Amino acid sequence: MQHVDAGMETTDVVIVGSGFGGLAAAKQLSKSGVDYVLISATPEHLFQPLLYQVATGVLPSTDIAPPIASILRRHKGGDVRLGKVVDIDAEAAVLTYDTEQGPRQIRYGSLIAATGATQSYFGRDDFADKTFSLKTIDDAKLLRAQIERVFAEASKADPETRERLLSFVVVGAGPTGVEVAGQLKELSKRHFHQEISVTLVEGAGAVLPPFGGSLSKYARESLTRNGVEVLLDTFVTDIEAGKVTVKTKDGVERGIGAETVVWSAGVAAGGFAKLLAEATGCETDRAGRLLINPDCTVGGHADIFAIGDMTSLNGYPGQSPTAMQEGRHVADIIRRDKQPGTPFVYWDKGSMAVISTFSAVTKLNDRVKFTGTIAWITWLAVHLFYLVGFRNRFTAVLSWLVAFIGTGRPGFDEEETKPVADSPAHRRQAA
Ligand SMILES: Cc1cc2nc3c(=O)[nH]c(=O)nc-3n(C[C@H](O)[C@H](O)[C@H](O)COP(=O)(O)OP(=O)(O)OC[C@H]3O[C@@H](n4cnc5c(N)ncnc54)[C@H](O)[C@@H]3O)c2cc1C
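This one's a predicted model, so the numbers in the text were calculated from it and none came from an experiment. (Residues numbered from 1 in each chain as written. Predicted model: local features only at pLDDT ≥ 70, side-chain atom pairs only at ≥ 80, totals over all residues.)

(A) Highlighting the overall build of the protein chain. Each helix and strand in the protein chain was counted, giving twelve helices and 23 strands. Whereas a compact globule of 431 residues would reach a radius of gyration of roughly 22 Å, the protein chain reaches 22 Å, a difference of no more than 12%. Principal-axis analysis of the C-alpha atoms gives the protein chain an extent of 70 × 50 × 45 Å. Within the protein chain, buried positions represent 46% of all 431 residues. Contacts in the protein chain between residues far apart in sequence, at least 24 positions, make up 62% of those at least 6 positions apart. (Helix = DSSP H or I, 4+ residues; strand = E, 2+ residues; numbered from the N terminus. Rg over C-alpha atoms; globule rule 2.2 N^0.38 Å. Buried ≥ 20, exposed ≤ 12 C-beta atoms within 10 Å, placed from the backbone. Contact = placed C-beta atoms within 7 Å.)

Now the structure itself:
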């Protein structure tokens, strides 16, 4: 219940973050009519796994970022606020969050922190200004604008300039890097009809390292067949205007021309995770993720839970199923459907990644794995199932038909509601 106590707004539960974890927790609390306030820095719920499709024009951004308020409309007990949590007093159980109207405070009975992670540049924060990333809807729009720009300029340019403009380097061969590299090649062949060079750089010895074995081999072969140059055991050592310098683990260095560099090489938890760690004494790993207790509580605080990408527990993957299952688990503890202290146990339903149209890998467990068209259709079906809202699912299917069966890119027709912000390439050009 929300009320004002000694001049301070007070509520049973505060959820911070409207990603997969926060939303799953909110829906689960609603089942028992528990009152909660959900505070999020963004007004929408972002379906991150499809960000690469927005960046490459397959989907308009609206399909993957519905407003939180409309998602939770039919779930009782929730009050959604737009704001960024900037401070916590763990002893007094009080959060401070910034809103457009100024700072506000709220006291919680229980807190569920689900603020996700950001991009990690492994100590080279200057790379952030020189590369495109894919974490937010604005990131995807920026990359989309860059892709449109280079293809448009290349179509009118001399051969040398065209070659420079249409050179892409993707750093990190996890699912996002593989998806972006594969889609760029497909975009050039089927939509823009221009030759491009795409180089995928990975520090580990395999593409899609967590999959390993035959699936990593399949992904590498499939990318190479599509014309992507795959560099394994290779690290990016420097990035400057139009050029990426890489070094193999044997020490061989080379430069690769790149008008566009996409960074998808790692995640780090900062922001609210850091604040929580300082306020509770909770330890963090090297990526800044909170080392939470088995029941997802933080430090010695039975009233503070943290879930999803901002945490690390038992090596569970930093993926949406982990965040959602943890969200439901802590909501069950709060609504007394589970005993306080019940350890969280992850149910691994498998992993999948797309390489290009009709090409994907799916791993249900160490014995059941499949590749190719069946894996690709499974990927689309699963992501469609989890995409929020009937309307979004319907329009996504239409867009997929246009992009994957036809050669159109409906996302490129999306009207910008606000000017595209400054981009790394624009900054380089201005320099
Ligand atoms: C490009 C990309 C592709 C991916 N593909 C897949 C995939 O195919 N399959 C898969 O399972 N997983 C995938 N993932 C991972 C998956 O998206 C994450 O594991 C999942 O989003 C984690 O959920 P979360 O709730 O912890 O955080 P998030 O979903 O990141 O949500 C964090 C929320 O916290 C809010 N927030 C942050 N700081 C504050 C603050 N201080 N105050 C208030 N609000 C704040 C943000 O606005 C956001 O709403 C992908 C991720 C990316 C980036």
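Having put the structure on the table, let's press on.
(B) How the structure looks around the UniProt feature "transmembrane region" (unreviewed entry) in the protein chain. The positions UniProt marks with the feature "transmembrane region" (unreviewed entry) are residues 370–390. Across residues 370–390, helical content stands at 76% and strand content at 10%; the span's end C-alpha atoms are separated by 29 Å. (UniProt positions renumbered as here; feature names shortened; annotations may be inferred.)

(C) View of the sheet that holds strand S9 (residues 167–171). In spatial order, the strands read S11-S10-S9-S15; together these four strands make up an open sheet with parallel pairing. Of all the strands in the sheet, the pair left with one neighbour each is strand S11 (228–231) and strand S15 (260–263). In this sheet, adjacent strand axes meet at a mean angle of 15 degrees when their direction is disregarded. Across four bridges, S9 lies against S15 in parallel orientation. If you follow Val-169 over to S15, its bridge partner there is Val-261. Sheet contacts for helix H7 (residues 213–225): strand S10 (197–201) and S11; angle to S11, the most-contacted strand, approximately 140 degrees. (Pairing = 2+ DSSP bridges. Axes fitted to C-alpha atoms, helices over the stretch in contact; angles between N-to-C directions.)

(D) Looking closely at the environment of Val-345. Within the element layout of this structure, Val-345 appears in the loop between helix H9 (320–334) and strand S21 (351–356). You can call Val-345 exposed: it has 10 C-beta atoms within 10 Å. Distance from Val-345 to His-329, taken between C-alpha atoms, is 8.9 Å for residues 16 residues apart in sequence.

(E) Structural detail: the confidence of the model for the protein chain. Of the residues in the protein chain, 95% reach a pLDDT of 70 or more, and the chain-wide mean stands at 91. The model gives residues 425–431 a pLDDT under 50, and that stretch makes six contacts with residues more than four places away or in other chains. (pLDDT = per-residue confidence, 0-100.)

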